[in-house]
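# Structural characterization, general
Listed here are the chains, written in short residue letters.
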Amino acid sequence: LGFFIFLYKFVPLVLTEQVQGHLALVDNQAGFALVDGVIRLLLFVGFLTVISWMKDIRRVFEYHGAEHKVIACYEAHDELRPDRATLYSRLHMRCGTSFLLIVMIIAIFVFSIVGTPALPWLIASRILGVPLIAGLSYEVIKWAGRNRKKSWVRALMSPGLQLQKLTTREPSTEQLEVSIAAMNAVLEVENP
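Residues numbered from 1 in each chain as written. Predicted model: local features only at pLDDT ≥ 70, side-chain atom pairs only at ≥ 80, totals over all residues. Heavy atoms only, no water.

Attention shifts here to helix H1 (residues 2–19). The terminal C-alpha atoms of H1 lie 24 Å apart, and with 18 residues this matches the ideal 26 Å at 1.5 Å per residue to within 8%. Buried within H1 are the following residues: Leu7, Tyr8, Lys9, Val11, Pro12, Leu13 and Thr16. Where the residues of H1 are buried, they touch helix H2 (29–52), helix H6 (119–128) and helix H7 (130–146). (Helix = DSSP H or I, 4+ residues; strand = E, 2+ residues; numbered from the N terminus. Expected span 1.5 Å × (residues − 1). Buried < 20%, exposed > 50% of the residue type's maximum accessible area, 1.4 Å probe, protein only. Contact = heavy atoms within 4.5 Å.)

What follows is the structure, encoded as structure tokens:
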């Protein structure tokens with residue numbers, strides 16, 4: 001939690017304050033929130049890129065891809081078998097990666113209302129605003145999932161799907177089997 005607050009709340013604010021004198025855009029509330037949000041987004045994408053090079057994380061991302069393929073197979077009412085699940089996309093509209101991107105975008109709008117108080121109040125507003133922003137983002141991702149067949153919704157959600165290319169990899173047959181076993185265990189609890 002401390003690392004998250006430092007990297008995604010404190011560092012962007014300090015960097016935005018540093019460039020404030022150099023960019024006329026940062027002199028107003030909306031501009032400050034935009035620059036702060038872009039810095040936060042760049043840190044996030046950079047972090048994902050760096051960890052995606054790690055062998056252990058790459059394996060986690062393969063399981064993430066397996067999870068998406070199995071969920072897509074299930075949602076298509078297809079039989080849950082590795083040879084069927086492999087036919088589906090590893091990118092999914094309701095992915096947590098897309099959710100985090102939506103959080104960052106909504107945060108820009110919400111924090112543009114907050115303004116630019118002193119740094120301690122800025123940090124406090126960023127931390128206290130998390131539940132509101134997360135709730136709004138959840139509703140957006142849920143809405144997108146319900147409307148995913150509409151081309152304009154897919155276009156709107158495209159940046160999140162593209163970001164999933166960093167956080168998912170093509171899974172092996174064994175990883176699909178594990179995902180199917182996990183899905184079956186969940187279904188057993190939900191529909192005994």
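Moving on to the packing of aromatic side chains. What the rule picks out here adds up to two aromatic pairs. Between Trp143 and Trp152, the ring centres sit 5.6 Å apart and the planes meet at 50 degrees, which makes this aromatic pair tilted. Owing to a relative accessible area of 51%, Trp152 belongs among the exposed residues under this scheme. (Phe/Tyr/Trp six-rings, centres within 6.5 Å; stacked < 30°, edge-to-face > 60°.)

One non-glycine residue, His77, lies in positive phi territory at about 60 degrees. The exposed category is assigned to His77, whose relative accessible area is 74%.

Below, the discussion takes up the nonpolar core. What tends to happen in soluble globular proteins is that the nonpolar side chains get buried as a cluster. One finds Ala33, Met93, Ile102, Ile106, Ala107, Val110, Phe111, Ile133, Ile141, Ala144, Val153 and Met157 forming the largest nonpolar core, which totals 12 residues. Secondary structure elements with two or more residues in this core: helix H5 (96–114), H7 and helix H8 (151–167). Among the elements that make up this core, the one with the highest residue count is H5 (five residues). Residues contacting Ala107, with those up to four places away along its chain left out, are Arg40 and Ile133. (Core = buried A, V, L, I, M, F, W, Y, C linked by side-chain atoms within 4.5 Å.)

What follows deals with the side chain of Thr168. One can find Thr168 in the loop between H8 and helix H9 (173–190). Of note is the side chain of Thr168, whose polar atom sits 2.8 Å from the side chain of Arg90. Discounting chain neighbours no more than four positions away, the residues touching Thr168 are Phe61, His64, Gly65, His68, Arg90 and Leu91. (Polar contact = N/O pair within 3.5 Å; in protein donor to acceptor, adjacent residues only side chain to side chain.)

The analysis is restricted to geometry; functional conclusions fall outside its scope.
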